[in-house]
Amino acid sequence: MRFSGWKVIKEGLTGNRGWSAHWRDAQPKPEYDMVIIGGGGHGLSTAYYLAKNHGMTNIAVLEKGYLGGGNVGRNTTIVRANYFLQGNSEFYSHSLKLWEGLEEDLNYNVMHSQRGLINLFHSDGQRDAFARRGNMMVNQGDDAILLDRDGVRKHLPYLDFEQTRFPIYGGLYHPRGGTARHDAVAWGYARGASDRGVDLVQNCEVTGIDIENGVVKGVQTTRGAIRAKKVGIIVAGRSGQVAAMAGRRLPIESHILQAFVTEGLKPVIDHVISFGMGHFYISQSDKGGLVFGGDLDFYASYAQRGNLPMKEHVMEAGMTLMPMIGKAKVLRSWGGIMDMTPDGSPIIDKMEGIDGLYIDCGWNYGGFKAVPASGWCMAHLMATDRPHEVAAKYRLDRFRTGIGIMDEEGTGSQHNLH
Ligand SMILES: Cc1cc2nc3c(=O)[nH]c(=O)nc-3n(C[C@H](O)[C@H](O)[C@H](O)COP(=O)(O)OP(=O)(O)OC[C@H]3O[C@@H](n4cnc5c(N)ncnc54)[C@H](O)[C@@H]3O)c2cc1C
């Protein structure tokens, strides 16, 4: 079924009886060429590009809950390509280009909105760092404009420019940055993969990985054993637990990140604003809710809810930046499990010493914008056994050898404590 304006009008006039389910609710078969563990954004996009780019369709995505019930449906939906280091910058640049053609490619409205992202700075030193970052972004072929204080005021007149704790010196403006509707991204990829023959199996938890003589043979699940020639572990916050099923210890700590949404308001914030120094960022959803968040809760956990001190910290930071926010009522808050690597950059690689086992993880708190490129590159790796050129630096062994560490924020070896 193709979506179009005509289809919406026709269905509207004929009682909406012509819509079909977006994807098949598949039952697991005993054997596949490939099994993807995890039906989040990255698992679904990997399955989609395996089918679309490599013609491989004898694939199952095994999801322990429901599709899109993990972080892909819990994030604050910011999409950007404003990275500094080689290794990251070409990857996220590729991802943003995929985002720009995604709705057409998937024939699905993912509500990608390039409303512009402004990263504020509050000191001369921070301005220098953002100027360097902006130059790297432009060299990479992306867009960046360094704004002074008045430039920020033109875009964001409602910020408190008089506050003295964090005086606003300016901002790095990334016009192609923005947001997308997170659930729709999961649903769009699910639909595209299912239409091409991929089995999407929900309520199917992987409980073990079968390995014989260093070669993967399949997985054990709550719905029986499934054989497979290749297995991809794409489970975000659960990466450490699932890799342990293959006897591997990953350089990953799982931490909680919280987010918040207010009641629906009339349009007031038409950019994404990042106030890094105060640990606060915000945008407004198309429904009108102010969507905002801050920093990690700073302890390792598999809970999907956070604690009150971080809520207080985020609210304080929001009030410091834009006191008008104090009038809005917070409707909901929630948490997700972040797969934090020591250098803050991800991993897309083969699992050393186990033929046929692949890992895609370490997305920290920025993996939503990576969904298209991660799927594209993981599919390339699983299909060809060679890393894709824009993900070639996402190697697991950098944490063993110390070579190729990509510490984007310069925060040292414990990114989770930055
Ligand atoms: C509050 C918050 C705000 C965020 N904001 C942003 C943002 O603005 N921009 C951005 O780019 N990123 C953001 N992120 C990060 C982003 O959401 C994640 O990095 C990304 O979604 C992780 O990849 P995923 O979608 O594949 O993960 P998930 O959706 O978590 O998918 C992993 C799936 O694996 C499944 N699974 C786990 N174990 C098993 C098993 N044993 N068997 C079968 N299935 C299993 C899980 O149920 C889950 O569905 C944010 C995250 C949070 C929590």
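Check the entry above for the structure.
As a starting point, this report considers the structure included with it. Computed from a prediction, not measured in an experiment: that's the story for all the values here. In every chain, residue numbers begin from 1 and rise along the written sequence. Reporting in this predicted model follows two pLDDT cut-offs: at least 70 for local features of residues, and 80 or more for side-chain atom pairs to be given and counted; totals over whole chains, interfaces and linings ignore these cut-offs and use all residues. Side-chain measures were taken over the full set of non-hydrogen atoms in the model, leaving aside hydrogen atoms and water.

### Things to note about the nonpolar core
Right, on to step 1. Grouped together as the largest cluster of nonpolar side chains are 51 residues, with contacts concentrated most on Phe91, Trp99, Tyr189 and Ile348.
Right, on to step 2. If near-sequence neighbours (up to four positions away) are discounted, Ile348 is found in contact with Phe91, Ile359, Asp360, Trp363, Ser374, Cys377, Met378, Leu381, Ala391 and Tyr394.
Right, on to step 3. Ranked by size, the runner-up nonpolar core spans 29 residues in total, among them Val235, Val242, Ile347 and Met351. The term nonpolar core refers to a set of buried residues drawn from Ala, Val, Leu, Ile, Met, Phe, Trp, Tyr and Cys, joined through side-chain atoms within 4.5 Å. Each residue is placed in one exposure class: buried if its accessible area under a 1.4 Å probe, protein chains only, is under 20% of its type's maximum, exposed if it is over 50%, and partly exposed if it falls in between. Throughout, a residue-residue contact means that at least one pair of heavy atoms, one from each residue, lies within 4.5 Å.

### A word on the environment of Tyr49
Right, on to step 1. For Tyr49, the position within the fold is in helix α2 (residues 41–54).
Right, on to step 2. Assessed through its relative accessible area of 0%, Tyr49 is described here as buried.
Right, on to step 3. Spatially, the C-alpha atom of Tyr49 lies 10.0 Å from that of Ala383, the residues being 334 residues apart in sequence.
Right, on to step 4. The residues contacting Tyr49, other than those within four sequence positions of it, are His54, Leu98, Leu102, Asp105, Tyr189, Pro372, Gly375, Trp376 and Ala379. Helical segments are the DSSP runs of H or I of at least four residues, strand segments are the runs of E of at least two, and each set is numbered from the N terminus.

### Observations concerning the site of the ligand
Right, on to step 1. Any residue with a heavy atom positioned within 4 Å of a molecule or strand is treated as near that molecule or strand. Near the ligand you find 38 residues, and of these Glu63, Asn71, Val72, Thr76 and Lys369 are the closest.
Right, on to step 2. The contact in question runs from an oxygen atom of the ligand to an N or O atom on the backbone of Phe368, over 2.9 Å.
Right, on to step 3. Residue assignment for the shell around the ligand shows that the elements contributing at least two residues are α2, β12 (253–264) and β16 (330–340).
Right, on to step 4. Ranked by residues supplied to the shell around the ligand, first place goes to β12 with three residues.
Right, on to step 5. Three residue categories are used. Nonpolar comprises Ala, Val, Leu, Ile, Met, Phe, Trp, Tyr, Cys and Pro, charged comprises Asp, Glu, Lys and Arg, and polar comprises the others, including Gly. Of the residues assigned to the shell around the ligand, the class counts are 17 nonpolar, 15 polar and six charged. N or O atoms within 3.5 Å of each other form a polar contact, as long as, within protein, one can give a hydrogen and the other can take it, and as long as residues adjacent in sequence are counted only when both atoms are side-chain atoms.

Any functional reading would require information that these geometric values do not contain.
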